[in-house]
Amino acid sequence: MRVLHVCTEVYPVLKTGGLADVTGALPAAQIQLGCDARLLVPGFPTFFASLREQKLVFELPPRFGAYAIRLYLGSLPESGMKVYFIDAPGLFDRPGNPYFNASNQDYFDNYRRFALLGWMAARVAEGLDVSWTPELVHAHDWHAGLTPAYLKASEFWNQRPLAKSVFTVHNLAYQGNFPGHVFGELDLPSHFFGLDGVEFHHQLSFIKAGLVYADRITTVSPTYAREILRTENACGLDGVLQKRAADLYGILNGVDFSVWNPATDAAIAANYNVRSLAGKRKCKQALQQEAGLPLQDDKPLFCIVSRLAVQKGLDMVLDALSEIVRMGGQIVILGSGDASMESAFRNAAFANPAAVSIHAGYDELKSHRVFAGSDVILMPSRYEPCGLTQLYGLRYGTLPLVHRVGGLADTVVDSTEENMKRGTATGFAFDGFQYESFMSAVRRCFELFAHRREWQRVQRSAMRQHFDWETAAVHYLELYRQIAGHH
Ligand code: ADP
Ligand code: GLC
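Residues numbered from 1 in each chain as written. Chains lettered and ligands numbered in written order. Predicted model: local features only at pLDDT ≥ 70, side-chain atom pairs only at ≥ 80, totals over all residues. Heavy atoms only, no water.

Caption draft 1: How the structure looks around the sheet that holds strand β5 (residues 82–87). In spatial order, the strands read β3-β4-β5-β2-β1-β6-β7-β11-β12; together these nine strands make up an open sheet with mixed pairing. Whereas interior strands pair on both sides, the edge strands pair on one side only; in this sheet they are β3 (52–60) and β12 (248–250). Averaged over all neighbouring strand pairs, the angle between strand axes comes to 25°, with direction disregarded. Alignment of strand β4 (residues 69–75) against β5, held across six bridges, turns out to be antiparallel. Following the sheet pairing, Ser75 is matched in β5 by Lys82. Against the sheet, helix α17 (residues 469–484) engages β1 (2–6), β6 (136–140), β7 (164–169), β11 (216–219) and β12, with an angle of about 145° to β7. (Pairing = 2+ DSSP bridges. Helix = DSSP H or I, 4+ residues; strand = E, 2+ residues; numbered from the N terminus. Axes fitted to C-alpha atoms, helices over the stretch in contact; angles between N-to-C directions. Contact = heavy atoms within 4.5 Å.)

Following this line, the structure appears as structure tokens:
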């Protein structure tokens with residue numbers, strides 16, 4: 001089946017979060033299953049700089065404020081995955097972050113930039129590239145949310161069926177809402193602006209467009225799929241989601257083992273595997289050295305690799321920091337985002353140079369060294385659609401300590417006595433976003449660390465977990481077949 005993924009980020013070319021890991025790995029896993037998958041992305045400068053074998057597919061008249069519009073096809077370095085990218089001078093040719101300017105403010109014309117993405121997906125589905133027309137279009141997150149709407153608009157205008165669509169919610173809190181009056185610029189049938197369409201409290205909502213017009217909706221873990229049907233977790237979209245509950249599926253993300261494997265990872269100080277953990281000790285020393293922390297091995301080294309955003313619940317870690325330090329723990333933070341949180345961690349590092357170290361910024365290779373060198377990865381997220389870093393933690397024998405929500409609940413098994421006996425424990429999980437619940441998990445973590453043999457047993461079962469992309473790809477394919485009429 002020919003499948004077009006529509007998204008804004010793809011690892012290894014452009015990544016600001018887990019979305020890129022997904023769009024970098026899922027299409028490749030689908031190809032392994034015999035699917036013919038390609039991607040469509042905005043032509044950000046980095047795609048022009050990185051994609052191979054670029055060729056012009058089609059040139060269209062300007063719209064959405066671009067001076068020209070050209071559709072190119074290229075391929076990802078290494079994997080060779082085919083990627084369509086939209087050259088739109090005036091819209092996408094801006095350096096740095098794809099969504100906001102140098103002062104971290106959303107671009108004022110984001111609705112045009114990402115409308116063009118969805119609009120172009122519908123044109124590709126109509127056959128813009130005569131040699132390749134998708135049978136299924138899979139749109140990711142709000143940026144691609146108008147894709148299903150443009151597909152349905154084309155069917156409405158041309159009275160001919162087009163590719164079916166799947167819309168995946170990677171994070172319901174990021175919605176792409178804009179003043180209602182911009183709807184007039186989007187070239188959608190006027191009746192699409194209404195309560196049963198893209199209107200959301202008099203605004204235009206990209207995510208709602210995806211939720212309303214896609215043939216199926218998915219999100220990235222079974223638990224999050226259930227959570228977002230409840231008003232308190234639905235970010236105002238409970239009505240729409242409940243209406244579509246029968247079409248909503250939770251499919252867990254996976255790990256790209258070719259990128260995340262401590263046995264072969266070239267970025268870490270020493271390789272190791274489930275049978276021989278000696279290399280992990282070297283990685284810990286190397287990380288302590290790199291982070292300017294004293295070498296010690298009798299207490300756990302915690303880490304955070306994360307966007308510094310309210311979602312991630314790191315204010316809880318800040319509150320707990322002095323207690324963790326008092327108990328002898330160390331902590332390495334690799335993160336970027338919220339400036340006040342960044343400076344709070346900086347202050348903590350300044351006050352506790354032997355225990356706390358922060359690297360503020362985004363550094364892919366360093367993230368590998370941090371995962372490999374730490375004992376525990378902290379993820380007290382308020383909510384977590386899936387979360388990939390706890391999966392990388394499991395893979396690297398770095399036990400995740402998580403708030404039991406969303407994908408964290410689906411992937412981490414708490415080290416209770418019973419789970420320890422059964423040999424199923426893989427980390428630490430706490431219920432309820434409260435300081436005491438978090439601290440009691442932290443304390444249990446210190447206790448277990450003091451019993452090395454037990455700790456290593458949990459580490460080994462963590463490393464044996466197999467959250468792979470093939471399983472996810474099979475589930476998506478089943479879903480595609482349901483709607484695209486393939487058997
Ligand atoms: P989210 O998508 O909500 O940010 P995920 O856990 O799904 O969370 O994915 C985050 C991805 O971004 C992971 O691949 C993680 O390693 C990476 N990441 C986050 N912050 C940093 C950072 N400061 N440096 C390098 N990689 C980071
Ligand atoms: C989002 C979510 C995260 C998820 C990622 C990839 O950014 O916050 O939980 O793992 O998308 O699906």
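Right, picking up where we left off after that structure.
Caption draft 2: The pairing of β5, seen in detail. Summarising burial for β5: five of the six residues are buried, a large majority. As consecutive antiparallel partners, β4 and β5 are separated by six residues, and within that stretch Glu78 has a phi angle of approximately 70°, a positive value. (Buried < 20%, exposed > 50% of the residue type's maximum accessible area, 1.4 Å probe, protein only.)

Caption draft 3: Main features of the site of ligand 1. Residues in contact with ligand 1 amount to 21 residues; listed here are only the nearest, Lys15, Gly18, Asp21, Arg307 and Lys312. In this structure, Gly361 approaches ligand 1 through a main-chain N or O atom, which is 2.8 Å from a nitrogen atom. Within the backbone of Asp363, a nitrogen or oxygen atom sits 3.0 Å from a nitrogen atom of ligand 1. The fraction of the free accessible surface of ligand 1 (570 Å²) that becomes covered by protein chains is 94%. For the shell around ligand 1, the elements supplying multiple residues, two or more each, are α1 (18–32), β13 (301–308), β14 (330–337), α11 (364–373) and α12 (389–395). Among the elements that line the shell around ligand 1, the one with the most residues is β13, at three residues. Looking at side-chain class alone, the shell around ligand 1 contains six nonpolar, nine polar and six charged residues. (Near = heavy atom within 4 Å. Polar contact = N/O pair within 3.5 Å; in protein donor to acceptor, adjacent residues only side chain to side chain. Areas by Shrake-Rupley, 256 points an atom, 1.4 Å probe, with all protein chains shown as cover. Nonpolar A, V, L, I, M, F, W, Y, C, P; charged D, E, K, R; others polar.)

Caption draft 4: A look at unusual backbone geometry. Here the amide bond leading from Tyr11 into Pro12 is cis, since omega sits at 5°, within 30 degrees of zero. Within the fold, Pro12 resides in the loop between β1 and α1. Positive phi is not limited to glycine here, since Asp141 has a value of about 60°. Relative to the helices and strands, Asp141 resides in the loop between β6 and α4 (146–158). Taking the relative accessible area as the measure of exposure, Asp141 reaches 10% and is therefore buried. Even without glycine at this site, Cys235 takes up a positive phi of about 50°. Inspection of the secondary structure puts Cys235 in the loop between α6 (222–227) and α7 (238–243). Cys235 gets classed as partly exposed once you look at its relative accessible area, which sits at 35%.

Caption draft 5: Here's a closer look at the site of ligand 2. Residues in contact with ligand 2 amount to 14 residues; listed here are only the nearest, His170, Asn253, Glu384, Cys386 and Gly387. Within the side chain of Gln311, a nitrogen or oxygen atom sits 3.1 Å from an oxygen atom of ligand 2. Within the backbone of Cys386, one N or O atom sits 3.0 Å away from an oxygen atom of ligand 2. Here ligand 2 loses 93% of its free accessible area of 310 Å² to cover by the protein chains. With three residues, the single largest contributor to the shell around ligand 2 is α1. Of the residues that constitute the shell around ligand 2, the class distribution is six nonpolar, six polar and two charged.

Caption draft 6: Focus on the sheet that holds β13. One open sheet holds the six strands; their spatial order is β15-β14-β13-β16-β17-β18, and the pairing between them is parallel. Only two strands of the sheet have a single neighbouring strand rather than two, namely β15 (356–360) and β18 (428–430). Neighbouring strand axes in the sheet, compared pairwise and without regard to direction, differ in orientation by 15° on average. Pairing analysis gives four bridges linking strand β16 (residues 376–379) to strand β17 (residues 399–403), with the strands arranged parallel. Within β17, the residue paired with Met379 across the bridge is Val402. Where α11 meets the sheet, it contacts β13, β14, β15 and β16, and its direction lies at approximately 145° from that of β13.

Caption draft 7: The arrangement of the environment of Asn271 in detail. Within the element layout of this structure, Asn271 appears in the loop between β12 and α8 (278–291). Sequence separation of Asn271 and Gln285 is 14 residues, and the distance between their C-alpha atoms is 13 Å. Of the polar contacts made by the side chain of Asn271, one reaches the backbone oxygen of Pro262; its length is 2.9 Å. In terms of polar contacts, Asn271 uses its side chain to reach the backbone carbonyl oxygen of Asp265, at 2.9 Å.

Caption draft 8: Region of the structure containing the side chain of Lys208. Counting through the fold element by element, Lys208 comes out in helix α5 (residues 206–213). Buried Lys208, no salt bridge; nearest opposite-charge side chain is Asp196, N-O distance 6.5 Å. A polar contact is formed between the side chain of Lys208 and the backbone oxygen of Glu199, at a distance of 2.5 Å. Among residues more than four places away in sequence, those in contact with Lys208 are Gly194, Leu195, Gly197, Val198, Glu199, Phe200, Leu237 and Val240. (Lys, Arg positive; Asp, Glu negative; His and termini not counted. Salt bridge = Lys/Arg side-chain N within 4 Å of Asp/Glu carboxyl O.)

Caption draft 9: Geometry of the side chain of Asn419. Summarising the element assignment, Asn419 is placed in helix α14 (residues 417–422). Residue contacts for Asn419: discarding those within four places in its chain leaves Val413, Asp414, Thr424 and Ala425.

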